Amino acid sequence: MISGGRIEGGARIRRLVQAIERQDRRITEPIKAALERGAERIEAAIRSEIIAQGAVDEGDLFDAVGKKKLSNGFRWKIGYFKKGNLRKWRLAGWRAHFVEFGTRTQRPRPVVRQGFRSQLRPARAEIRRETRRALRRFAR
């Protein structure tokens, strides 16, 4: 029932709202796991795109690709990283910008954007599915 701008309902709705507010692990952990799997899926697609576009020379550019969890596990960064892979970054990571966006003499080969776009929908679908599943499990 909706009254005065508030939604009032059964115990299930109240429990669900309280759990989300305090980020109950039974809800957050499956969602975080789905986000990590999505990040892994996109990282693998970027690596496949590097190979498909022939952007691999000695493999250092390929090895500089990675994923990084930000803050509380609900955000991920995927791409080329200097931190944690400094050797690979020195060998090839700094060139990633030139490969991705091109130069005056080299056409762009957008491997990160292509890999990200190719796996965005499946990753989103999996995250939505896991979120719904976790919420349903908790609401019982």
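Rules used in this analysis
Residues numbered from 1 in each chain as written. Predicted model: local features only at pLDDT ≥ 70, side-chain atom pairs only at ≥ 80, totals over all residues. Heavy atoms only, no water. pLDDT = per-residue confidence, 0-100. Contact = heavy atoms within 4.5 Å. Pairing = 2+ DSSP bridges. Helix = DSSP H or I, 4+ residues; strand = E, 2+ residues; numbered from the N terminus. Core = buried A, V, L, I, M, F, W, Y, C linked by side-chain atoms within 4.5 Å. Buried < 20%, exposed > 50% of the residue type's maximum accessible area, 1.4 Å probe, protein only. Salt bridge = Lys/Arg side-chain N within 4 Å of Asp/Glu carboxyl O. Axes fitted to C-alpha atoms, helices over the stretch in contact; angles between N-to-C directions. Parallel < 35°, antiparallel > 145°, perpendicular 65-115°, else oblique. Left-handed = near helix turned anticlockwise from the far one by under 90°. Nonpolar A, V, L, I, M, F, W, Y, C, P; charged D, E, K, R; others polar. Expected span 1.5 Å × (residues − 1). Bend = angle between axes of the 7 residues up to and from the residue.

A. How the structure looks around the confidence of the model for the protein. In the predicted model, the protein carries a mean pLDDT of 77, and the fraction of residues at 70 or more is 74%. This model gives residues 1–8 a pLDDT under 50, and the stretch forms 5 contacts once residues within four places in sequence are excluded.

B. Spotlight on the pairing of strand β4 (residues 75–80). Sheet topology places strand β3 (residues 65–70) next to β4; 6 bridges connect them, and they run antiparallel. Counterpart to K67 in the pairing with β4 is I78. Between β3 and β4, which pair antiparallel one after the other, the connecting turn spans 4 residues, and S71 there sits at a positive phi close to 45 degrees.

C. Inspection of the nonpolar core at higher detail. The biggest cluster of nonpolar side chains holds 13 residues, and the ones touching the most others in it are I46, I50, L61, V65, Y80, V111 and V112. If near-sequence neighbours (up to four positions away) are discounted, I46 is found in contact with V65, I78, V111, V112, G115 and F116.

D. Spatial organisation of the pattern of salt bridges. Scanning the model with the defined rule gives 7 salt bridges in all. For R37, the salt bridge identified is with E126, shortest N-O distance 2.5 Å. Taken together, the residues span a long stretch of sequence, with R37 in helix α2 (residues 25–52) and E126 in helix α6 (residues 111–139) at a distance of 89 residues. R47 is the partner of E43 in a salt bridge, and the nearest nitrogen-oxygen pair spans 3.2 Å. Of this pair, E43 and R47 both sit in helix α2, 4 residues apart, which is roughly one turn of the helix. Accessibility classification places E43 together with R47 in one group, the buried group.

E. Representation of the packing of α2 against α6 in the model. At a minimum axis distance of 8 Å, the contact between α2 and α6 shows a crossing angle of 165 degrees. Classified by the angle between their axes, α2 and α6 sit roughly antiparallel to one another. Helix-helix and strand crossings are classified by hand; for α2 and α6 the assignment is right-handed. Among the residues making up the contact of α2 with α6, the classes are represented as 18 nonpolar, 6 polar and 7 charged.

F. Structural view of α6. The end-to-end C-alpha separation of α6 is 41 Å, in line with the 42 Å expected for 29 residues at 1.5 Å each. The sharpest bend along α6 comes to roughly 45 degrees, located at L120, with the proline P122 sitting one to four residues further on. Within α6 the residues assigned to the buried category are V111, V112, G115, Q119, A123, E126, E130, A134, F138 and A139.

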